[in-house]
Amino acid sequence: MSSPTLESGTATTAAATVTMSMQQALNRALDEVLAENPKAVIFGEDCGRLGGVFRITDGLQARHGAQRVFDTPLAESGILGMSVGLAMAGFHPIPEVQFDGFAYPAINQIVCQIARMNYRSRGTLPMPITLRVPSFGGIRAPEHHGESLEALFAHVPGLKVVSPSNPHEAYHLLKHAATRPDPVIFMEPKSRYWQKGEVDIANPGSPEGAKVMREGRHLTLVAWGAMVARCLQVAELAAEDGIEIEVLDLRWLKPIDAAALAASVGKTRRAVVVHEAPLTSGLGAEVAQLITQACFDTLKAPVERVTGFDVPYPSGDLEDEYIPNIDRILFGIQRVLEYKRG
Amino acid sequence: MAELSFPLPDLGEGLIEATVLEWLVAPGDQVERNQPLVEVETTKSAVELPSPQAGKVVRIHGGPGEKINVGEPLIVFEVPDDTAGIVGTVPKEEAPKRRVRLSAVLDED
Amino acid sequence: MSGRHTGEQHQHTVEGTDPQLYVNVVDPQDDAGLRPVLLLHGFSTSSKLNWEDTGWITALTQAGRRVIAVDLPGHGRSGAPEDRDSYSPSRIRADLLQIAFDAGARPLRDGDPASGLDVIGYSLGSRLAWEFGATQHELVHRLVLGGPNVADPLAAFDLPAAQRYLADGTPIADDSTAGLLKMAQLLPSNNIFALLSLIEAIKDEPFDPAEAVPPMPMLLVAGEKDERAASMPELAALGSKAGALVEQLVLPGRNHTNAVTSRAFKQGAIEFLGV
């Protein structure tokens, strides 16, 4: 490829804090994973020569060769099936499913093979597979390009699920996930690919568990992926009204950091969980239960959920009505604030 | 701005190369998607290749009479850094707007 | 895609048998209000290769022209009928007339720019267009003939040698025959035996441009290096002598194969027909 579209940030030393987009952060993380682990291989639809439809693997084939970064046929079951075989043979596959909705054809490989091979083989065949899935909505794309599959994946024993909310998290969480011995579903919030942020290369912070992105004392907003940035905006607006909101980026959706939920809501005594996925049997229910379990005695109100609707993900024109917007989140907060024990 | 290179596409029928007949665009031109870019001739026929995308032409490869192999660079476009993927559009970063105000009497017990 | 109809959409048959011809009608987004343009491709090609991949259909529709592209029998997506009659130039012309009417073409009327039909041919398609114009005065408005020739090179084709070659590989002595057969075999969409039937039918009805000369304005176009169209001035003289307005356009550096994509050819044709 002669298209250096993604220069990894403005500085070259690993010690510095650099400003880059999430695209660039993911690209740099993959570049380093390939350099550090000779067993790591990247593949998927358009991942090789084109560098991915979102340019996440841009330039990697040129730098690391077509043996390690390559294109596959349009067959997700094949991409994930091949990952199983490569993992058995000692590789660390980093496959990409081009869009969230394209994961459905590979559910058999993900659920029946990848998730349980380690268990089935009594630990002799671990599945160190990092499955990148550009996820969630927000880019006005057609059907199958805006879905939120975290609850489906989190429900499957044997899988880990993680979603970064900004470039720093993207860089460090991907590098961490790609060195785990377990299968990790890495859900990239595609609507945040282009936003720039500071990445502290040398100081990742803990790669495990949830992370407090803003401290507050009146209410905790729990979110992940693209909804974290929106919740930070809401917290800023709520501060104008005298309400101090804590924003907890859950990051890992399996396993969920129950201790972090307990600590935050134990302090604020009120919680609203926000996700793009439909309401019913969404991960918000799991979060609400974990909070209730830990904080039942001190909670001021039932945990509220502000989510997408129980409908198929809509076309681009209706996206703004579907994804939780600032006003819907503020209404959810108001319901919690107004709650009176009867 | 970033550069995006397009190779000579697979012209089917097992063809591995084509000869440039005439370029219909030049470096500096702003082209639309599907606008004719270049006439090329293979051993079987002559074809006109439409542009795979809109953009400003930075470089063209191969003058009239020169051969290009399938997969080798044909044309390079200049594209904005935040060009979306093949699907979808880049969301606009806007200042947050609200209609809802919060009101609460918080008991600080 | 709006305004695009493909497939065998003509409902009527000539002489009671279905010629199985593939028709592609493409409507422009902004109609210029002019008559449709019928496109006739050359031997051993197709409407896709001769007109679509070369950018003609895009160029014409962008100029506001409605396009009717037909695959000749045994070519492209058309069928390959068993009977030899389906391949005779006279039968093909009758089928084209029916297709043009079914696609909405109507006889010329004074002062109505939407009436009539313009025809663009290339190589064998130019021969058919010449004869079509000569026999359909009341329908055809103007002709553009690309890579035209006073004689049909297919008439000199050594059919027995080609059949022997196909049967047991006996080399073909005649260079023109060997070249034409090789060209025909290059394309998987060609039905080689249908193409031989077409050649046989052309031998029965060889091209005689002087027999009937189109009276309408015509633009003759050929590549400077097109040996097959070296006789273009003779055709032009025939047309002029019969009173037709004749223009000629020579494309520098182009040959019989690569003249067809030329921008100058397309622009010349669009301007010539845009009246």
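Residues numbered from 1 in each chain as written. Chains lettered and ligands numbered in written order. Predicted model: local features only at pLDDT ≥ 70, side-chain atom pairs only at ≥ 80, totals over all residues.

Peer 1: What am I meant to see in the overall build of chain B here?
Peer 2: Scanning chain B from terminus to terminus reveals zero helices and eight strands. Taken from the N to the C terminus, the helices and strands of chain B come in the order β-β-β-β-β-β-β-β. Restricting the contact set of chain B to residue pairs at least 6 apart, pairs at least 24 apart contribute 54%. (Helix = DSSP H or I, 4+ residues; strand = E, 2+ residues; numbered from the N terminus. Contact = placed C-beta atoms within 7 Å.)

Peer 1: Even after reading the chapter, I still don't get the overall build of chain C, so can you show me in this structure?
Peer 2: A count of helical and extended segments in chain C gives nine helices and eight strands. Sorting the 275 residues of chain C into buried and exposed places 49% on the buried side. Contacts in chain C between residues at least 24 apart in sequence constitute 74% of all its contacts with a sequence separation of at least 6. (Buried ≥ 20, exposed ≤ 12 C-beta atoms within 10 Å, placed from the backbone.)

Peer 1: Explanation requested: the sheet that holds strand E1 (residues 2-7) of chain B in the structure shown.
Peer 2: The strands making up a sheet associate through hydrogen bonds between their backbones, and the pairing can be parallel or antiparallel. Residue and element names in this part refer to chain B. The antiparallel open sheet is built from four strands, whose spatial order is E1-E8-E6-E3. Each edge of the sheet is formed by a strand with only one pairing partner; in this case those strands are E1 and strand E3 (30-31). Judged from the six bridges that link them, E1 and strand E8 (residues 73-79) form a sheet pairing that is antiparallel. When the sheet's bridge partners are listed, Ser5 is paired in E8 with Val76. (Pairing = 2+ DSSP bridges.)

Peer 1: Mind showing me how you'd approach the interface of chain A and chain B here?
Peer 2: Interface size, as often reported, equals the accessible area lost upon joining of the parts. With 29 residues of chain A at the contact, the number on the chain B side is 24 residues. Ranked by the residues each element gives to the side of chain A that touches chain B, the list is headed by helix H12 (residues 326-338) of chain A, at eight residues. Per-class residue counts for the side of chain A that touches chain B are 15 nonpolar, ten polar and four charged. (Nonpolar A, V, L, I, M, F, W, Y, C, P; charged D, E, K, R; others polar.)

Peer 1: Is there a simple way to explain helix H7 (residues 192-204) of chain C in this structure?
Peer 2: Each turn of an α-helix holds 3.6 residues, which means side chains three or four residues apart point in the same direction. Residues and elements named next belong to chain C. An ideal rise of 1.5 Å per residue puts 18 Å on 13 residues; H7 measures up with 19 Å between its terminal C-alpha atoms. Three or more residues of H7 are buried, namely Ala194, Leu195, Ser197, Leu198, Ile199, Ala201 and Ile202. Buried residues along H7 sit in contact with helix H3 (89-102), helix H5 (159-168) and helix H6 (175-186). (Expected span 1.5 Å × (residues − 1).)

Peer 1: It is not clear to me how the nonpolar core should be interpreted in this structure. Could you clarify?
Peer 2: A general trend in soluble globular proteins is that nonpolar side chains are found buried together. Counting 103 residues, the largest nonpolar core has Leu221 and Cys231 of chain A as its most contacted members. Considering every element that reaches this core, the biggest residue donor is helix H8 (residues 227-240) of chain A, with eight residues. Residues contacting Cys231 of chain A, with those up to four places away along its chain left out, are Leu221, Ala223, Val247, Val274 and Ile329 of chain A. Val70, Ala103, Leu143 and Leu273 of chain C belong to the second-largest nonpolar core, a separate cluster that totals 86 residues. (Core = buried A, V, L, I, M, F, W, Y, C linked by C-beta atoms within 7 Å.)

Peer 1: Would you mind showing me how to read the sheet that holds strand E14 (residues 304-308) of chain A here?
Peer 2: Residue and element names in this part refer to chain A. On the basis of which strands lie adjacent, the open sheet formed by five strands has the order E9-E11-E10-E13-E14 and mixed pairing. Every interior strand has two partners, whereas the edge strands, strand E9 (211-214) and E14, have only one. Direction aside, the axes of adjacent strands within the sheet are offset by 25° on average. Looking at chain direction, strand E10 (residues 219-223) and strand E11 (residues 245-249) are connected through five bridges and run parallel. Bridged to Thr220 within E11 is Glu246. Sheet strands touched by H8: E9, E10, E11 and strand E13 (271-278). Its angle to E11, the strand with the most contacts, is close to 170°. Its contacts with the sheet place helix H9 (residues 258-268) against E9, E10, E11 and E13, and it is angled at close to 150° to E10. (Axes fitted to C-alpha atoms, helices over the stretch in contact; angles between N-to-C directions.)

Peer 1: Honestly, the interface of chain B and chain C in this entry has me stumped. Any pointers?
Peer 2: With ten residues of chain B in contact, the opposing surface of chain C contributes twelve residues. Contributions of two or more residues to the side of chain B that touches chain C are made by strand E4 (36-41) and strand E5 (46-50) of chain B. For the side of chain B that touches chain C, the class distribution of residues is five nonpolar, one polar and four charged.

Peer 1: I would appreciate a short explanation of the packing of H8 of chain A against H12 of chain A in the present structure.
Peer 2: Helix-helix packing is described using two parameters, namely the angle between the two axes and the distance between the axes. Residue and element names in this part refer to chain A. At a closest axis distance of 10 Å, the pairing of H8 and H12 adopts a crossing angle of 60°. Our classification of the angle between H8 and H12 gives oblique. Handedness of the H8/H12 crossing: right-handed. Residues Arg230, Cys231, Gln233, Val234, Leu237 and Ala238 of H8 pack against Ile326, Ile329, Leu330 and Ile333 of H12. (Parallel < 35°, antiparallel > 145°, perpendicular 65-115°, else oblique. Left-handed = near helix turned anticlockwise from the far one by under 90°.)

Peer 1: Sorry if this is basic, but what is going on with the pairing of strand E5 (residues 130-135) of chain A here?
Peer 2: Two faces belong to every sheet, and in a regular strand the side chains alternate between them. Residue and element names in this part refer to chain A. Across the six residues that make up E5, a large majority, six, are buried. What you see with E5 is no split at all: Thr130, Arg132 and Pro134 on one side and Leu131, Val133 and Ser135 on the other are buried throughout. Note that E5 and strand E7 (residues 184-189) share six bridges and pair parallel. Opposite Ser135, over in E7, you have Pro189 as the bridge partner.

Peer 1: Sorry, what's going on with unusual backbone geometry here?
Peer 2: Residues and elements named next belong to chain A. Residues Lys254 and Pro255 are joined by a peptide bond in cis, for which omega reads 0°. Note on placement: Pro255 falls in the loop between strand E12 (252-254) and H9. Residues other than glycine seldom take positive phi values, yet Asp46 does so here, at roughly 65°. Along the polypeptide, Asp46 turns up in the loop between strand E2 (40-44) and helix H2 (60-64). Of the residues examined, Asp46 has 18 C-beta atoms within 10 Å and is grouped as partly exposed.

Peer 1: How should the environment of Arg59 of chain B be read in this particular structure?
Peer 2: All names here are of chain B. With respect to the element layout, Arg59 can be found in strand E6 (residues 55-60). The exposure class assigned to Arg59 is partly exposed, which follows from the 14 C-beta atoms found within 10 Å. For Arg59, the residues in contact, after removing those within four places along its chain, are Pro27 and Val76.

Peer 1: What am I meant to see in the confidence of the model for chain C here?
Peer 2: Detailed reading of the predicted model is not advised wherever pLDDT is low. The predicted model of chain C averages 91 in pLDDT, with 94% of residues at 70 or higher. Predicted as a complex, the structure gets a pTM of 0.60 and an ipTM equal to 0.75. (pLDDT = per-residue confidence, 0-100.)

Peer 1: What should I look at first to understand the environment of Pro73 of chain A in this one?
Peer 2: Residue and element names in this part refer to chain A. In this structure, Pro73 sits in the loop between strand E3 (69-71) and helix H3 (76-88). In this structure Pro73 comes out as exposed when scored by C-beta crowding, with 8 C-beta atoms within 10 Å. Separated by 27 residues in the primary sequence, Pro73 and Asp46 place their C-alpha atoms 9.0 Å from one another.

Peer 1: Just checking my understanding: could you explain H12 of chain A for this structure?
Peer 2: Residues and elements named next belong to chain A. Given a rise of 1.5 Å per residue, 13 residues ought to cover 18 Å, and the 18 Å separating the end C-alpha atoms of H12 matches this to within 8%. For H12, the full list of buried residues reads Ile329, Leu330, Gly332, Ile333, Gln334, Val336 and Leu337. On its buried side, H12 packs onto E10, H8, E13 and E14.

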